[in-house]
Amino acid sequence: MSYSKRIDQIAGHLNYPKGMLAGQTAIITGSGQGIGAEAARLFANEGAKVVIADVDSKKAEAVAQQINESGGSAIACAGDVLDDAYIKRLIKEAAEFGGGKIHIIINNAGFTWDGVIHKMTDKQWHTILDVHGTAPFKIVREAAPYFRVKDGEPRNIINISSTSGLHGNAGQINYSLAKAGVTGVTKTIAKEWGPQFGVRANTIAFGHIMTRLTAAKEAGAFITTPDGQKVALGIPQAQKAGGPGEGQHLDIPLRRPGTATEAASAILAVASPLFSYVNGQTISVTGGRNM
Ligand SMILES: NC(=O)c1ccc[n+]([C@@H]2O[C@H](COP(=O)([O-])OP(=O)(O)OC[C@H]3O[C@@H](n4cnc5c(N)ncnc54)[C@H](O)[C@@H]3O)[C@@H](O)[C@H]2O)c1
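Residues numbered from 1 in each chain as written. Predicted model: local features only at pLDDT ≥ 70, side-chain atom pairs only at ≥ 80, totals over all residues. Heavy atoms only, no water.

Draft legend 1. Highlighting the packing of helix 2 (residues 34-45) against helix 3 (residues 57-69). Contact geometry of helix 2 with helix 3 gives a least axis separation of 10 Å together with a crossing angle of 20°. Comparing the axis directions of helix 2 and helix 3 gives the class roughly parallel. Judged by the sense of rotation from one axis to the other, the crossing of helix 2 with helix 3 is right-handed. Residues Ala37, Ala40, Arg41 and Ala44 of helix 2 form the contact with helix 3, whose participating residues are Val63, Gln66 and Ile67. (Axes fitted to C-alpha atoms, helices over the stretch in contact; angles between N-to-C directions. Helix = DSSP H or I, 4+ residues; strand = E, 2+ residues; numbered from the N terminus. Parallel < 35°, antiparallel > 145°, perpendicular 65-115°, else oblique. Left-handed = near helix turned anticlockwise from the far one by under 90°. Contact = heavy atoms within 4.5 Å.)

Draft legend 2. Inspection of the environment of Gly71 at higher detail. With respect to the helices and strands, the residue Gly71 is situated in the loop between helix 3 and strand 3 (73-78). With a relative accessible area of 71%, Gly71 lands in the exposed category. Each C-alpha atom, one on Gly71 and one on Asn45, is 8.4 Å from the other, the two residues being 26 residues apart in sequence. (Buried < 20%, exposed > 50% of the residue type's maximum accessible area, 1.4 Å probe, protein only.)

Draft legend 3. Region of interest: the pattern of salt bridges. One pass over the full model with this rule turns up 12 salt bridges. Between Glu93 and Arg89 there is a salt bridge, with the nearest N and O atoms lying 3.9 Å from each other. Here Glu93 pairs with Arg89, and both are found in helix 4 (residues 84-97), just four residues apart, close to one helical turn. Judged by relative accessible area, which is 36%, Arg89 ranks as partly exposed. (Salt bridge = Lys/Arg side-chain N within 4 Å of Asp/Glu carboxyl O.)

Draft legend 4. Structural context of the packing of aromatic side chains. According to the stated counting rule, one finds one aromatic pair in the structure shown. Where Phe147 meets Trp193, the ring centres are 6.3 Å apart and the plane angle is 25°; that geometry is what we call stacked. With a gap of 46 residues between them, Phe147 in helix 6 (residues 144-147) and Trp193 in helix 8 (residues 173-197) connect regions that are remote in the sequence. Note on accessibility: Phe147 and Trp193 belong to one class, buried. The ring of Phe97 is capped by Lys49, whose NZ or CZ atom sits 4.7 Å from the centre of that ring. (Phe/Tyr/Trp six-rings, centres within 6.5 Å; stacked < 30°, edge-to-face > 60°. Lys NZ or Arg CZ within 6 Å of the ring centre and 35° of its normal.)

Draft legend 5. Region of interest: the site of the ligand. Taken together, 28 residues surround the ligand, and among them Asp54, Asp80, Asn108, Tyr175 and Thr211 come closest. Val81 places a main-chain nitrogen or oxygen 3.0 Å from a nitrogen atom of the ligand. Contact distances for the ligand include 3.2 Å between an oxygen atom and a side-chain N or O atom of Arg212. Out of a free accessible area of 830 Å², the ligand has 98% covered by protein chains. Contributions of two or more residues to the shell around the ligand are made by helix 2, strand 5 (155-162) and helix 8. Within the shell around the ligand, the residues separate by chemical class into 11 nonpolar, 13 polar and four charged. (Near = heavy atom within 4 Å. Polar contact = N/O pair within 3.5 Å; in protein donor to acceptor, adjacent residues only side chain to side chain. Areas by Shrake-Rupley, 256 points an atom, 1.4 Å probe, with all protein chains shown as cover. Nonpolar A, V, L, I, M, F, W, Y, C, P; charged D, E, K, R; others polar.)

Draft legend 6. Spotlight on the UniProt feature "domain: Ketoreductase" (unreviewed entry) in the protein. Residues annotated in UniProt with the feature "domain: Ketoreductase" (unreviewed entry) correspond here to residues 24-196. Counted over residues 24-196, helix gives 54% and strand 17%. Its end C-alpha atoms are 20 Å apart. (UniProt positions renumbered as here; feature names shortened; annotations may be inferred.)

Draft legend 7. Looking closely at helix 3. In a regular helix each residue adds 1.5 Å, so 13 residues correspond to 18 Å; helix 3 covers 18 Å between its end C-alpha atoms and thus fits that length. Buried residues of helix 3: Ala60, Val63, Ala64 and Ile67, and no others. When helix 3 is viewed along its axis, its buried side chains cluster within an angular range of 95° and face the same direction. Every exposed residue of helix 3 that faces more than 90 degrees away from the buried side is listed here: Lys58 and Glu69. Tucked inside the fold, the buried residues of helix 3 contact helix 2, strand 2 (49-54) and strand 3. Of the residues that open helix 3, the one with a side-chain oxygen 3.3 Å from the backbone nitrogen of Lys58 is Asp56. Backbone geometry just downstream of helix 3 places Gly71 in the positive-phi region, at approximately 95°. (Expected span 1.5 Å × (residues − 1). Arc of directions from axis to C-beta.)

Below, the structure written as structure tokens:
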């Protein structure tokens with residue numbers, strides 16, 4: 001047996017905490033794939049017990065299984081964050097899994113349903129506001145008993161935003177409001193739950209990250225709303241092709257989009273003790289876009 005394996009074994013035997021998130025239970029919504037799934041793997045590597053919350057049950061199960069098979073600890077809790085009953089079940093199951101505690105919530109689930117202003121329907125508008133704004137609020141409200149506590153353990157809420165929320169984006173008036181809104185939600189949590197309970201809350205705004213959300217629309221990915229409507233995901237090829245400088249990412253100083261792992265690494269960093277005095281902030285993870 002190698003020396004490091006032996007040390008691991010002894011540490012395990014002594015129940016010595018391993019990893020920056022050891023002893024913590026984290027809910028990550030939208031962790032069936034993309035940025036959320038990467039975050040789930042990174043959190044598990046750092047010792048967190050991770051609740052894989054996603055509307056896609058097969059993908060959620062697969063992520064949880066992979067984490068468990070590689071020595072981490074995860075459960076899948078599938079459902080739609082637009083469903084109030086699911087939010088209740090999610091918090092209940094997470095608390096049971098965490099032995100009565102929840103330390104981290106990453107509000108990451110979401111999708112886009114784009115349209116220019118004059119063609120945007122009320123349903124498009126409200127669905128996107130509900131997914132990115134109302135659902136995170138309801139999840140945090142439901143989890144209040146696990147965050148308004150004084151047990152000396154860290155508590156952390158991270159809401160995922162976007163450059164569309166900070167700077168606006170043509171064709172995304174619904175998403176822009178929702179993603180702008182979460183920055184205020186975050187700051188309110190920080191101000192309400194920081195003083196007495198030490199809860200940290202931060203927003204992370206991503207730029208262009210390579211996931212299903214930014215893949216070609218022609219790839220055919222879609223998400224189904226609770227009333228059965230299929231919403232196509234991705235960016236139309238013609239729009240991706242863009243104008244001069246196409247493919248060179250001239251709007252990004254690093255001249256490339258980010259990977260899901262890079263995006264998730266920023267989430268881990270903010271959730272970790274390395275960021276213990278960073279609170280109420282909106283952290284841009286964009287390769288320098290929109291400076
Ligand atoms: N990819 C980017 O460039 C980018 C940029 C800025 C912000 N974001 C944000 O990052 C987050 C993650 O997106 P991603 O790029 O990983 O996309 P993704 O499509 O790869 O993953 C999103 C996940 O959320 C789940 N989901 C969607 N709606 C849900 C619902 N109602 N209930 C439960 N689960 C739901 C999906 O099933 C999917 O697994 C989103 O909030 C998105 O708005 C992404």
